[in-house]
Amino acid sequence: MALATRPVTSVPNDLEAFWVPFTPNRAFKKNPRLIARAKDMHYYTVDGKAVMDGSAGMWCCNAGHNRDPIVAAIQQQAAELDYPPAFQFSHPKAFELASRIAALAPGDLDHVFFCNSGSEAVDTALKVALAYNNVRGEASRVRLIGRERGYHGVGFGGISVGGIVANRKMFGTALSGVDHLPHTYNREKQAFTKGEPEWGAHLADDLDRLVALHDASTIAAVIVEPMSGSTGVLPPPKGYLQRLRQICDKHGILLIFDEVITGFGRLGHCFASERYDVTPDMITFAKGVTNAAVPMAGVMASKGIYDAFMTGPEHMVELFHGYTYSGHPLAAAAGLATLDVYKDEGLFERAQKLEPVFAEAMMSLKGEPNVEDIRTVGLLAGIDLAPMQGKPGLRGYEATERMYHDINIYVRVAMDTLVASPPLIATENDIGEIRDGIAKVLRAVA
Ligand SMILES: Cc1ncc(COP(=O)(O)O)c(C=O)c1O
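**Considering the domain arrangement of the protein chain**
- The assigned domain composition of the protein chain is domain 1 (25-67 + 346-444) and domain 2 (71-344).
- In this structure, domain 1 and domain 2 have C-alpha centres spaced 26 Å apart.
- Counting residues at the interface gives 40 residues for domain 1, matched by 35 residues for domain 2.
- When the two sides are added together, the surface that domain 1 and domain 2 hide from each other amounts to roughly 3100 Å², 58% of it contributed by carbon and sulfur.
- On the domain 1 side of the interface with domain 2, the three residues burying the most area are W59, F348 and R375, jointly 24% of the side's total.
- The partner of E355 in a salt bridge is R275, with the nearest N and O atoms 2.8 Å apart.
- Here domain 1 and domain 2 share 24 residue pairs in polar contact (both at pLDDT 80 or more) between them.
- Among the elements of the structure, α2 (56-59), α14 (347-363), β11 (371-377), β12 (380-385) and β15 (417-420) are those that each provide at least two residues to the side of domain 1 that touches domain 2.

As structure tokens, this is what we get:
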């Protein structure tokens, strides 16, 4: 439509124009879930109903919703500085936040490259891995290794190393030179495990097989989620990540942990690498860094990686990569306020304390109709339901529909797996309410 003929008012109730991401649009638009506001553990729908948030948004509002100090920091920042150029300029809060994050990071992951989404962070980390090998004189290392059932966002890099078929099959061949480790889930050996399963560390040895196939001199990096979230909460088998680290070290391969979900407290530590005592060469983060109040993400890189780039003439750009909104002032202000809330309220420690309570509550759903497996770790649970005959995904979809519309609880669903991951401020009562709501709905969709 020509600008002159475009109506001057928008149509607030027309759901047609917005193509909703990762959503069945036709079903959604028939029965939309529209949130008007949020506070602490609750969403409030456009018709005023309170809905318990059992998933911290999309595992990102770790401190609960609309927290006053974070809101105030964003408001103040918006009035002070909207935007300086992100290239060749910056602003003090971006540096302050990078220092704060680096101080929380394990080992010598001292440098932070800011992005705006987990997908950008993943692509950034993969590009840094390739470029790092170039600058250190190992340009033949061009292969990237991901893992089956891994989710690393939706950029071409992320879907290439990711291991979810639906996210890959429509989008061509994506990056070449990518291979995958096997996923670590085996129901027969691991069903109904709280925390990290005993079985499966040996699956890391598959990296040796890939090295034998491709040769280490062609492999730049391995990227894994320390705990695979999006395919239904798969905690790493005991010893698996340590073994992966050892094999990477043996062959000079970089290890990248995608901590977009696990970062900032979800597993009871600032980063999962702390819980598992394994330091990767890079960590990607997003979501919880700003409590999701403003989009922000980033890559933490080791001192060795950063230093390798700091050569050549000083007036020259060292890494030809970045985003217009890298380290945006609103995000930096939200990030600083969020880190204060996490610290002041001891939320990572709180998650650690709640872990057994949460695990017990979720495991007590064993025996409810159609429950085939339950996995828990930190404040995360994946509950596998038996798919309906010939209709994969329908039971999970119906369960979350009823839970939201009838029981006033929100938990995420991945096909027929329900995924609970409440904000870290959840009380034992909140956890009980989420548990009881899930039980009720499982009976309803039996
Ligand atoms: C492990 C992991 N990596 C990357 C992403 C992508 O993040 P975004 O949706 O912000 O691009 C996600 C999103 O859930 C994720 O769980």
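And the narrative resumes.
**What to know about the site of the ligand**
- Looking at the ligand, the residues that line it are S117, G118, S119, Y151, H152, G153, E225, S230, D258, V260, I261 and K287.
- At a separation of 2.8 Å, an oxygen atom of the ligand approaches a polar backbone atom of G118.
- Note that an oxygen atom of the ligand is positioned 2.6 Å from one of the side-chain N or O atoms of S119.
- Look at the ligand: alone it shows 390 Å² of surface, and the protein chains cover 85% of it.
- Of the residues in the shell around the ligand, the class split is three nonpolar, six polar and three charged.

**Things to note about the pairing of strand β7 (residues 219-224)**
- By the criterion of burial, β7 is predominantly enclosed, with six of the six residues buried.
- Pairing geometry for strand β5 (residues 143-147) and β7, over three bridges, is parallel. Looking across to β7, one finds that I145 is bridged to V222.
- The pairing of β7 with strand β8 (residues 254-258) spans four bridges and is classified as parallel. Each residue of the ladder has a partner; that of V222, found in β8, is L255.
- With respect to chirality, the unit in which β7 leads through helix α10 (residues 240-251) into the neighbouring parallel β8 is right-handed.

Rules used throughout
- Residues numbered from 1 in each chain as written.
- Predicted model: local features only at pLDDT ≥ 70, side-chain atom pairs only at ≥ 80, totals over all residues.
- Heavy atoms only, no water.
- Domains from an automatic or database assignment.
- Contact = heavy atoms within 4.5 Å.
- Buried area = accessible area lost by both parts, 1.4 Å probe.
- Salt bridge = Lys/Arg side-chain N within 4 Å of Asp/Glu carboxyl O.
- Polar contact = N/O pair within 3.5 Å; in protein donor to acceptor, adjacent residues only side chain to side chain.
- Helix = DSSP H or I, 4+ residues; strand = E, 2+ residues; numbered from the N terminus.
- Near = heavy atom within 4 Å.
- Areas by Shrake-Rupley, 256 points an atom, 1.4 Å probe, with all protein chains shown as cover.
- Nonpolar A, V, L, I, M, F, W, Y, C, P; charged D, E, K, R; others polar.
- Buried < 20%, exposed > 50% of the residue type's maximum accessible area, 1.4 Å probe, protein only.
- Pairing = 2+ DSSP bridges.
- Right-handed = clockwise from strand over helix to strand, strands pointing away.

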